[in-house]
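Topology and contacts: notes
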Amino acid sequence: MRTDVIRKETLRYLGLGSAEPDEKTLEMVNMAIALLSERCRPKNTSRIVEISAGTGDIRLEGGTVIYSESIARVMSGCSEMLVFGATLGAEADMLIKRSSAENIAMGAVMQAAAAAYIEEYCDEIQSELNEKFSARGKPLGDRFSPGYGDFPLEYQRELFAILDCPRRIGLTLTDSFIMIPSKSVTAVIPIGGSCGRQLGCMYCEKTDCQYRRAE
């Protein structure tokens, strides 16, 4: 795990951007990252799914249809996609809860650090997976999660069912589509194809997002 990346992203989530953090803030960030590294045991799971991409939807093996122009665009030219899930586990939620109860500022830092940590973990696992798929001539595109753009949260149900998240990584979903543990990610990832890299902040239409990465 790239601690420097997690630190930088944590500060960005805290709203500091390129501003230099004060000594106390940096100390809390480093402490949060150290605790997460010590206590959390991240898990992930993935599955290849055959698909057929249309102009505004994609059809999955088994009959499920995802209606999303964004997903259809990034899956253009793909006959398969990777359904991916990852979690930091209940330990992260416990750290956030305990930190918030003891010190509001530390709670906010722990929340931000855990968000940065799960993203870095996903990037690390996806990089490893990409090496394997690239060796077969089918590099992976970027991951796209329910809740982004026109990919509704309701599709979490389908992704959870495909991955069997509760049994494989201990990740569950509430009726309102909240993941438990909270520091978790599900996503679809293009396998091969022609448009899989057109994701990320620079392609997002929400230009006023406070978490937007600098181009």
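Residues numbered from 1 in each chain as written. Predicted model: local features only at pLDDT ≥ 70, side-chain atom pairs only at ≥ 80, totals over all residues. Heavy atoms only, no water.

1. Points about the overall build of the protein
The helix and strand inventory of the protein stands at 7 helices and 7 strands. Walking the protein from its N terminus toward its C terminus, one meets helices and strands in the order α-α-β-β-β-α-β-α-α-α-α-β-β-β. When the 215 residues of the protein are sorted by exposure, 43% land in the buried category. Put simply, of all contacts in the protein between residues at least 6 apart along the chain, 69% involve residues at least 24 apart. (Helix = DSSP H or I, 4+ residues; strand = E, 2+ residues; numbered from the N terminus. Buried < 20%, exposed > 50% of the residue type's maximum accessible area, 1.4 Å probe, protein only. Contact = heavy atoms within 4.5 Å.)

2. Description of the pairing of strand β4 (residues 80–87)
Counted residue by residue, β4 has 7 buried out of 8 residues, so it is predominantly covered. Across 8 bridges, the pairing between strand β1 (residues 43–53) and β4 is antiparallel. Note that in β4 the partner of K43 across the bridge is T87. Pairing of β4 with strand β7 (residues 184–190) involves 7 bridges; the strand directions are antiparallel. Paired with F84 across the strands is A187, a residue of β7. (Pairing = 2+ DSSP bridges.)

3. Concerning the packing of aromatic side chains
Using the criterion set out here, one finds 2 aromatic pairs in the structure. With a centroid separation of 6.0 Å and 65° between ring planes, the pair formed by F144 and F151 is classed as edge-to-face. Take F144: its relative accessible area is 9%, and that puts it in the buried class. For F151, a relative accessible area of 0% corresponds to the buried category. Centre to centre, the rings of F151 and Y155 are 5.8 Å apart; their planes meet at 35°, and the pair counts as tilted. Through a chain of ring-to-ring contacts, the aromatic side chains of F144, F151 and Y155 assemble into a single cluster. Looking at R136, its charged tip hangs above the ring of F133, at a distance of 4.9 Å from the centre. (Phe/Tyr/Trp six-rings, centres within 6.5 Å; stacked < 30°, edge-to-face > 60°. Lys NZ or Arg CZ within 6 Å of the ring centre and 35° of its normal.)

4. Remarks on the packing of helix α2 (residues 23–39) against helix α4 (residues 90–102)
Remark: α2 packs on α4, axes separated minimally by 10 Å, with the N-to-C direction vectors making an angle of 145°. Viewed along their axes, α2 and α4 form a crossing whose handedness is right-handed. Contacts from L35, L36 and R39 of α2 reach α4 at E91, A92, L95 and R98. (Axes fitted to C-alpha atoms, helices over the stretch in contact; angles between N-to-C directions. Left-handed = near helix turned anticlockwise from the far one by under 90°.)

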